[in-house]
Amino acid sequence: MNSEIKPLIAGNWKMNGLTEDLSQIRSLALSLRNDPAHRCEVLICPPVTLLAQTTQICLSGAVVSGAQNCHIAQKGAHTGDIGASMLADAGAQYIIVGHSERRADHGETDGLVNAKARAALGAHVTPIICVGETHAERLGALAMTVVEKQLNGSVPALEIFDKRVIAKNLVIAYEPVWAIGTGLVPELDDIKTMHAAIRDWLVERFGEEGEGVRILYGGSMKPSNATDILATANVNGGLIGGASLNAEDFLQIIRSACD
Ligand code: 13P
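Rules of the game
- Residues numbered from 1 in each chain as written.
- Predicted model: local features only at pLDDT ≥ 70, side-chain atom pairs only at ≥ 80, totals over all residues.
- Heavy atoms only, no water.
- Helix = DSSP H or I, 4+ residues; strand = E, 2+ residues; numbered from the N terminus.
- Buried < 20%, exposed > 50% of the residue type's maximum accessible area, 1.4 Å probe, protein only.
- Areas by Shrake-Rupley, 256 points an atom, 1.4 Å probe, with all protein chains shown as cover.
- Lys, Arg positive; Asp, Glu negative; His and termini not counted.
- Charge placed at Lys NZ, Arg CZ, Asp CG, Glu CD.
- Pairing = 2+ DSSP bridges.
- Right-handed = clockwise from strand over helix to strand, strands pointing away.
- Expected span 1.5 Å × (residues − 1).
- Arc of directions from axis to C-beta.
- Contact = heavy atoms within 4.5 Å.
- Phe/Tyr/Trp six-rings, centres within 6.5 Å; stacked < 30°, edge-to-face > 60°.
- Disulfide = S-S within 2.5 Å.
- Salt bridge = Lys/Arg side-chain N within 4 Å of Asp/Glu carboxyl O.

Chemist: Can you break down the overall build of the protein residue by residue, with the values?
Modeler: What the protein contains, in helices and strands, is eleven helices and eight strands. Its C-alpha atoms give the protein principal-axis dimensions of about 45 × 45 × 35 Å. The 259 residues of the protein split such that 50% are buried. Split by element, the accessible area of the protein, about 11500 Å² in all, is 51% carbon and sulfur. In the protein, 21 positive and 29 negative side-chain charges are present, and the distance between their average locations comes to 5 Å.

Encoded structure:
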């Protein structure tokens with residue numbers, strides 16, 4: 001990992017977690033309070049029902065909380081939806097936008113993802129913008145083209161950041177769709193190549209500031225493969241699904257990046 005960039009190890013709980021599962025977050029926060037992971041930032045994005053409680057548990061500062069989605073508007077007549085400023089009010093410091101599950105389940109387009117990222121920025125929350133190819137696209141040698149198109153459409157223009165430090169206000173997550181929840185992981189060389197291409201894209205879009213933007217890898221990251229993945233060039237952290245539900249597994253991944 002680029003030693004100048006503080007890695008972000010983020011857990012995406014997806015549609016998992018009841019009140020009783022907050023014990024995992026308590027246990028994680030306690031472990032990190034006793035033995036802090038100074039070299040990286042740790043984030044948990046629980047379902048929105050647990051966000052405010054997660055924020056309370058994380059007040060010690062060892063872990064921060066985030067959300068998994070937001071509406072493009074901050075408030076209004078949108079029954080069942082939640083605005084970024086409401087998530088910020090519940091303590092979210094990051095909002096995941098454009099996850100492939102939302103792109104697939106809800107037909108979210110690059111344009112919509114871009115609007116959600118702008119809504120997050122409007123609420124002073126950092127968007128984590130997800131991109132990644134399907135298996136068919138990888139087999140068809142289209143992975144780069146697809147990811148570049150997603151970046152072009154989903155990442156807000158420089159002006160939207162309005163003089164804010166880009167590196168603090170933007171995170172990209174590369175999550176190959178075929179690696180999510182499958183146990184399959186790309187070859188390290190393929191991760192390296194894709195992350196280098198995303199870095200080039202960021203520098204082209206944002207100039208030198210693009211050098212500091214964190215690029216996370218996501219897709220079947222586990223304690224057994226995290227050390228190698230997180231040591232790959234331009235991998236500045238992870239977006240972890242299944243393995244973040246268990247405090248022990250998640251801690252092992254955190255230690256891989258931070259010890
Ligand atoms: P898994 O770690 O369960 O493969 O999920 C990855 C992911 O989608 C994180 O956003």
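Next comes the rest of the account.
Chemist: Break down the pairing of strand S2 (residues 41–45) for me, with residues and values.
Modeler: Across a regular strand the side chains alternate sides, sitting on one face of the sheet and then on the other. Burial runs high along S2: four of the five residues are buried. In this sheet, S2 lies alongside strand S1 (residues 8–12) in parallel orientation, the contact comprising five bridges. Bridge pairing links Asn12 to Cys45 in S2. Remark: the S1/helix H1 (residues 22–34)/S2 crossover connection has right-handed handedness. Where S2 lies against strand S3 (residues 64–67), two bridges are found, and the strand directions are parallel. Across the sheet, residue Ile44 finds its bridge partner in S3, namely Ser65. Running through helix H2 (residues 51–57), the crossover from S2 to the neighbouring parallel element S3 is right-handed.

Chemist: Please give an account of H1 that cites residues and values.
Modeler: Given 3.6 residues to a turn, an α-helix orients residues that are three or four positions apart in the same direction. Taking 1.5 Å of rise per residue, 13 residues should cover 18 Å, and H1 covers 18 Å from first to last C-alpha, within 8% of that figure. Within the sequence span of H1, burial applies to Leu22, Ile25, Leu28, Ala29 and Leu32. Taken around the axis of H1, the buried residues stretch over an arc of 115°, which confines them to a single face. Here the buried face of H1 lies against S2, H2 and helix H11 (247–258).

Chemist: Give me the lowdown on the packing of aromatic side chains, citing residues and values where you can.
Modeler: What characterises a pair of aromatic rings is the spacing of the ring centres plus the angle enclosed by the ring planes. This model, assessed by the stated rule, comprises two aromatic pairs. An angle of 85° between the planes, with centres 5.5 Å apart, marks the rings of Phe161 and Phe206 as edge-to-face. In this pair, Phe161 is assigned in the loop between helix H7 (143–154) and helix H8 (166–169) and Phe206 in helix H9 (residues 188–206), connecting sequence segments 45 residues apart. Of the two residues examined, Phe161 and Phe206, each falls in the buried class.

Chemist: Could you give an account of the state of the cysteines, with specific residues and numbers?
Modeler: Inspection of the entire model under this criterion finds one disulfide. Between Cys40 and Cys258 runs a disulfide, and the two sulfur atoms are separated by 1.6 Å. Taking the sign of the S-S torsion, 90° for the link of Cys40 and Cys258, the bridge is right-handed. Taken together, the positions of Cys40 in the loop between H1 and S2 and Cys258 in helix H11 put the pair 218 residues apart, joining distant regions of the chain. This cysteine, Cys45, is not joined by any disulfide, and Cys130 carries the nearest cysteine sulfur, 9.5 Å off.

Chemist: Talk me through the pattern of salt bridges; I want residue IDs and the actual numbers.
Modeler: Summed over all chains, the structure comprises nine salt bridges. A salt bridge links Lys149 to Asp110; the shortest N-O distance between them is 3.9 Å. In this pair, Lys149 is assigned in helix H7 and Asp110 in helix H5 (residues 110–122), connecting sequence segments 39 residues apart. Accessibility expressed as a relative area gives 14% for Asp110, which makes it buried. In this structure, Arg138 and Glu133 form a salt bridge, with 2.8 Å as the shortest nitrogen-oxygen distance. Looking at Arg138, the relative accessible area reads 23%, which means it is partly exposed. Taken together, the shared-partner salt bridges connect Arg102, Glu108 and Lys116 into one network.

Chemist: How would you explain unusual backbone geometry if you had to name every residue and give the values?
Modeler: If you check the backbone angles, Lys14 has positive phi at about 55° while not being a glycine. In this fold, Lys14 is placed in the loop between S1 and H1. Under the relative-accessibility criterion, Lys14 is labelled partly exposed at 21%. If you check the backbone angles, Asn234 has positive phi at about 65° while not being a glycine.

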